[in-house]
Amino acid sequence: MKPYIYITRKLPEAVIEVMKQKYEVKMWEHEDISVPKEVLYAEAEKADALLTMVSDQIDEQILTAGNRLKVVANLAVGFDNIDVKKASIKGVAICNTPDVLTDTTADLTFGLLMAAARRIVEAAEYVKEGKWKSWSPLLLAGQDIHHKTIGIVGMGKIGETVAKRATGFDMNILYHNRTRKPDMEQRIGAKYVSFEELVEKSDFIVCLTPLTQETRNLFTREVFRGMKQSAIFINASRGPVIDEQALYDALTTGEIAGAGLDVFEKEPINRDHPLLSLPNVVALPHIGSSSVETRTAMMKLCIENIMAVLEGKVPKTLVNKDWKPIVKA
Ligand code: GLV
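Everything numeric here is computed off the predicted structure, so don't read it as measured data.

Caption draft 1: Layout of the sheet that holds strand S12 (residues 281-283). Strand order in this open sheet of seven strands is S8-S7-S6-S9-S10-S11-S12, and the pairing throughout is parallel. Each edge of the sheet is formed by a strand with only one pairing partner; in this case those strands are strand S8 (191-192) and S12. In terms of strand pairing, strand S11 (residues 258-261) meets S12 through three bridges, oriented parallel. Looking across to S12, one finds that Gly 260 is bridged to Val 282. In this fold helix H5 (residues 102-118) packs onto strand S6 (149-153), strand S9 (204-207), strand S10 (232-235), S11 and S12, with an angle of close to 150° to the strand it touches most, S10.

Caption draft 2: Up close: the sheet that holds strand S2 (residues 24-27). Strand order in this open sheet of five strands is S2-S1-S3-S4-S5, and the pairing throughout is parallel. The open sheet has two edge strands with one neighbour each: S2 and strand S5 (93-95). Across the sheet, the mean angle from the axis of one strand to that of its neighbour is 15°, orientation sign disregarded. As defined by bridge partners, strand S4 (residues 71-74) adjoins S5 across three bridges and the pair is classed as parallel. If you follow Ala 73 over to S5, its bridge partner there is Cys 95.

Caption draft 3: Summary view of the site of the ligand. The ligand sits among Ala 76, Val 77, Gly 78, Leu 101, Arg 238 and His 286. A distance of 2.8 Å is found between an oxygen atom of the ligand and a backbone nitrogen or oxygen belonging to Gly 78. Compared with its free state, where it exposes 190 Å², the ligand has 86% of that area covered by protein.

Caption draft 4: Just the pattern of salt bridges, in detail. Taken as a whole and assessed by the stated rule, the structure comprises 24 salt bridges. Of the charged contacts, one joins Lys 26 and Glu 43 as a salt bridge, the two residues approaching to 2.8 Å between their closest N and O atoms. Of this pair, Lys 26 sits in strand S2 while Glu 43 sits in helix H2 (residues 37-46), and the two are 17 residues apart along the sequence. Overall, the relative accessible area of 38% leaves Lys 26 in the partly exposed class. Here Glu 197 makes a salt bridge to Lys 201, at a shortest N to O gap of 2.8 Å. Remark: Lys 201 and Glu 197 occur in helix H9 (residues 195-201); sequence separation between them is four residues, near one turn of the helix. Salt bridges linked by common partners bring Arg 221, Glu 222, Arg 225, Asp 249 and Glu 255 together as one network.

Caption draft 5: Here's a closer look at the nonpolar core. If you look at the biggest cluster of nonpolar residues, it comprises 56 residues, and the most contacted ones within it are Ile 5, Ile 7, Met 19, Leu 51, Ile 150, Ile 152 and Ile 306. Residue contributions to this core reach at least three from each of two domains, namely domain 1 (4-100 + 291-310) and domain 2 (102-283). Not counting residues up to four positions away in its chain, the partners in contact with Ile 306 are Ile 5, Met 19, Ala 49, Leu 50, Leu 51, Val 71 and Ala 73. Counting residues in hydrophobic clusters, the runner-up holds 28 residues, among them Leu 198, Phe 219, Phe 224 and Val 241.

Caption draft 6: How the structure looks around the environment of Thr 97. Note on placement: Thr 97 falls in the loop between S5 and H5. Residues within four places of Thr 97 in sequence aside, it is in contact with Asn 74, Leu 75, Ala 76, Val 77, Met 298, Leu 301 and Cys 302.

Caption draft 7: Representation of the pairing of strand S7 (residues 172-176) in the model. With five bridges connecting them, S6 and S7 associate as parallel partners. Considered in S7, the bridge of Ile 152 is made with Tyr 175. The β-α-β motif built from S6, the intervening helix H7 (residues 157-167) and the parallel element S7 has right-handed crossover chirality. For the handedness criterion, the β-α-β arrangement of S7, helix H8 (residues 182-188) and S8 is classed as right-handed.

Caption draft 8: Just the side chain of Asn 235, in detail. Along the chain, the position of Asn 235 falls in strand S10. Taking the relative accessible area as the measure of exposure, Asn 235 reaches 0% and is therefore buried. Setting aside anything within four residues of it in sequence, one finds Asn 235 in contact with Leu 112, Cys 207, Ile 242, Gly 260, Leu 261, Asp 262 and Val 263.

How each quantity is defined
- Residues numbered from 1 in each chain as written.
- Predicted model: local features only at pLDDT ≥ 70, side-chain atom pairs only at ≥ 80, totals over all residues.
- Heavy atoms only, no water.
- Pairing = 2+ DSSP bridges.
- Helix = DSSP H or I, 4+ residues; strand = E, 2+ residues; numbered from the N terminus.
- Contact = heavy atoms within 4.5 Å.
- Axes fitted to C-alpha atoms, helices over the stretch in contact; angles between N-to-C directions.
- Near = heavy atom within 4 Å.
- Polar contact = N/O pair within 3.5 Å; in protein donor to acceptor, adjacent residues only side chain to side chain.
- Areas by Shrake-Rupley, 256 points an atom, 1.4 Å probe, with all protein chains shown as cover.
- Salt bridge = Lys/Arg side-chain N within 4 Å of Asp/Glu carboxyl O.
- Buried < 20%, exposed > 50% of the residue type's maximum accessible area, 1.4 Å probe, protein only.
- Core = buried A, V, L, I, M, F, W, Y, C linked by side-chain atoms within 4.5 Å.
- Domains from an automatic or database assignment.
- Right-handed = clockwise from strand over helix to strand, strands pointing away.

Purely spatial values, then, with no claim about function.
Quick look at the structure:
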């Protein structure tokens, strides 16, 4: 019997073709609707491998159902949607897609910063709505980006690449991270500071930290209160790293000036989400790594990882380094 691979979203046939030659492959038929939990459960019971999205919860129940399951390849660098500890216990390799998305995600993050600072989305809507009557001295005047201070919280590969973008804008770069990165400091000219100092001194606070127990709700009302009134907050990591109500309150009371958000506490958000009512919020639908080239590279990396595990090899981008295969059906 050929190994069975279940893909939780519709992916381009041309990309998955390589797996179809060797394995039985089935996809959830929708591009823009998540697979329901009960379908995922039923598929996990049969599957040797799952190719999953950030919107799928790969919890204990799914991992326990997967009595043939050998590998879960998540189409993302983040893996907070997966119970990685449980996966190791069950002998399931967890793989993610680092590196291939670094530049693309940094581009989007910096673009979001620029859009929020220079009010690009608001201005584009203004023109499309026919509101532009004449050139005017302070029409949709935003804030400068060049020579300002950017504070990056979470200096992983994406953070470092955002910092590199910031050097081109002659920005002063602060960062906070679990570990200091002296080489990067030398190369890019970024300065390590405490979280409190970063919050207090930055004009742009850019959140790129992964979601963990330590970072959940890191940005509280108190933290927003510590920012400059002119500060713009950018989140391109995970929604639950911030207290969304606290951000809303900080924006509506004028404690900070604006926000650019690619991620939210509960995704997708509805039109009536309070943050969408604010003109100084730029909201995007979690598209950090979404260029055709990069998403294709991410899909290919997932496939490469799945095929490696099914062929008895160690996958290229393994998350649970303590993974040991268990002989399964
Ligand atoms: C997307 O959010 C990712 O983690 O790659």
